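Spelled out, the chains give:
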Amino acid sequence: DSGVTQTPKHLITATGQRVTLRCSPRSGDLSVYWYQQSLDQGLQFLIHYYNGEERAKGNILERFSAQQFPDLHSELNLSSLELGDSALYFCASSGGQEVGEKLFFGSGTQLSVL
Amino acid sequence: AQKITQTQPGMFVQEKEAVTLDCTYDTSDQSYGLFWYKQPSSGEMIFLIYQGSYDEQNATEGRYSLNFQKARKSANLVISASQLGDSAMYFCAMRVNSGNTPLVFGKGTRLSVIA
């Protein structure tokens with residue numbers, strides 16, 4: 001158990017809908033990262049928050065947004081969903097931002113857009 | 001920008017044998033970290049081993065070791081005495097020490113251990 005909690009584990013929805021994925025980092029970790037894993041794109045970095053502030057953005061679509069709350073949990077909002085958004089979405093946390101900080105991953109949310 | 005290349009989409013190894021999973025990287029930064037993660041069929045990402053660019057010794061963690069060749073920009077993972085439970089996807093990843101850079105992953109190698 002990595003200590004990172006992601007809910008829900010599975011999500012099935014229709015095109016055009018909006019969903020929210022939730023992540024609780026390990027106790028004491030200030031950094032939260034979101035990744036998208038699909039068969040064709042592999043693991044793609046979406047966004048990084050550190051202690052409530054956005055620190056880096058990757059290949060995140062404008063239809064996607066995220067935030068980190070004062071209690072350090074994070075939410076990833078996906079709107080106007082398309083079939084191609086079906087993927088496994090990971091949240092990961094780390095204590096800091098040093099180059100050697102390893103990321104602890106949650107078990108992921110499997111999103112299926114029908 | 002940093003890039004990770006894993007050229008072996010799939011590998012087979014006999015149980016109890018050693019196996020090497022290849023990883024090459026590209027960066028112009030001098031300070032960086034290299035990571036290996038395992039993803040079993042259950043889906044979670046499990047950290048295996050880390051090597052810093054300034055570390056002189058190759059990293060080892062139990063049956064895992066990292067064959068770090070800086071001049072060749074390679075960071076191969078060696079798994080000794082393979083077990084059936086080692087069957088999984090293995091990802092090489094890198095982070096450079098330039099600003100708020102994320103962990104960048106390779107495409108992965110699927111390892112199958114045969115009894």
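Whatever comes next refers back to the structure up there.
Residue indices follow the written sequence of each chain, beginning from 1 at its first position. For this description, chains carry letters from A and ligands carry numbers from 1, given in the order in which they are written. A pLDDT threshold of at least 70 governs which residues receive local features in this predicted model, and a stricter bar of 80 or more applies before side-chain atom pairs are shown or counted, although totals over entire chains, interfaces and linings include all residues. The side-chain quantities take in all heavy atoms of the structure and omit both hydrogens and water.

Whenever I open this one, the overall build of chain B confuses me. Can you help?
Here a helix means four or more residues in a row that DSSP labels H or I, a strand means two or more in a row labelled E, and each is numbered from the N terminus. Along chain B, the regular secondary structure elements total zero helices and twelve strands. When its helices and strands are written in sequence order, chain B yields β-β-β-β-β-β-β-β-β-β-β-β. For the radius of gyration, the atoms used are the C-alpha atoms, and the globule rule reads 2.2 Å times the number of residues raised to 0.38. Rg of the C-alpha trace for chain B: 14 Å, near the compact-globule value of 13 Å for 115 residues, within the 12% margin. Taken over the C-alpha atoms alone, chain B extends approximately 45 × 30 × 20 Å along its principal axes. Per-residue accessibility, obtained with a 1.4 Å probe over protein chains only, is compared with the maximum for each type, and a residue is labelled buried under 20%, exposed over 50%, and partly exposed between these values. Within chain B, buried positions represent 50% of all 115 residues.

What should I look at first to understand the state of the cysteines in this one?
Covalent bonding between the sulfur atoms of two cysteines defines a disulfide. Residues and elements named next belong to chain B. In what follows, a disulfide is any cysteine sulfur pair within 2.5 Å. Evaluated as defined, the whole model comprises two disulfides over all chains. One disulfide bridge connects Cys23 with Cys92, the sulfur atoms lying 2.0 Å from each other. Between Cys23 and Cys92 the disulfide shows an S-S torsion of about -65 degrees. By sign, it is left-handed. Of this pair, Cys23 sits in the loop between β3 (19-21) and β4 (24-26) while Cys92 sits in strand β10 (residues 88-96); the two residues are 69 residues apart in sequence, bridging distant segments of the chain. Looking at Cys92, the relative accessible area reads 0%, which means it is buried.

Can you walk me through the pattern of salt bridges in this structure?
Note that side chains of opposite charge can pair when their charged atoms are close. By salt bridge we mean one thing: a side-chain nitrogen of Lys or Arg within 4 Å of a carboxyl oxygen of Asp or Glu. One pass over the full model with this rule turns up seven salt bridges over all chains. The partner of Glu75 of chain A in a salt bridge is Arg22 of chain A, and the shortest N-O contact between them spans 3.9 Å. With a gap of 53 residues between them, Glu75 of chain A in strand β8 (residues 74-78) and Arg22 of chain A in strand β3 (residues 19-24) connect regions that are remote in the sequence. Lys73 of chain B serves as the salt-bridge partner of Asp26 of chain B, at 3.7 Å between the closest nitrogen and oxygen. Of this pair, Asp26 of chain B sits in strand β4 while Lys73 of chain B sits in the loop between β8 (64-69) and β9 (74-79), and the two are 47 residues apart along the sequence. What makes Asp26 of chain B partly exposed here is its relative accessible area of 43%. Its relative accessible area of 29% is what places Lys73 of chain B among the partly exposed residues. Through salt bridges with shared partners, one network takes in Arg63, Glu82 and Asp85 of chain A.

Looking at this structure, how should I read the side chain of Thr109 of chain B?
Residues and elements named next belong to chain B. Secondary-structure assignment places Thr109 in strand β12 (residues 109-114). The term polar contact refers here to a pair of N or O atoms within 3.5 Å; inside protein, the definition further demands a hydrogen-donor-capable atom paired with an acceptor-capable atom, and it admits residues adjacent in sequence only when both atoms are side-chain atoms. At 2.6 Å, the side chain of Thr109 and the backbone oxygen of Gln8 are in polar contact. Only heavy atoms enter the contact rule, under which two residues are in contact if any of them lie within 4.5 Å. Every residue in contact with Thr109, bar those within four places of it in the chain, is listed here: Gln6, Gln8, Pro9, Gly10, Met11, Leu21, Ala88, Met89 and Tyr90.

How should the interface of chain B and chain A be read in this particular structure?
By a widespread convention, an interface's size corresponds to the accessible area lost as its parts come together. Residue-level contacts link 20 residues of chain B with 20 residues of chain A. Buried area, as used here, totals the accessible surface that two parts lose on assembly, with accessibility defined by a 1.4 Å probe and the loss added over both. Both faces combined, the contact of chain B with chain A buries some 1700 Å², and carbon together with sulfur accounts for 57% of it. Inspection of the region where chain B meets chain A yields zero salt bridges. The tally of links from chain B across to chain A stands at eight residue pairs in polar contact (both at pLDDT 80 or more). Put simply, the parts of the chain that give the side of chain B that touches chain A at least two residues each are β5 (32-39), β6 (46-52) and β10 of chain B.

For this particular structure, what's the right way to read the environment of Ala92 of chain A?
Assignment of secondary structure puts Ala92 of chain A in strand β9 (residues 87-94). Apart from residues lying up to four places away in sequence, Ala92 of chain A is in contact with Ser31, Val32, Tyr33, Leu103, Phe104 and Phe105 of chain A.

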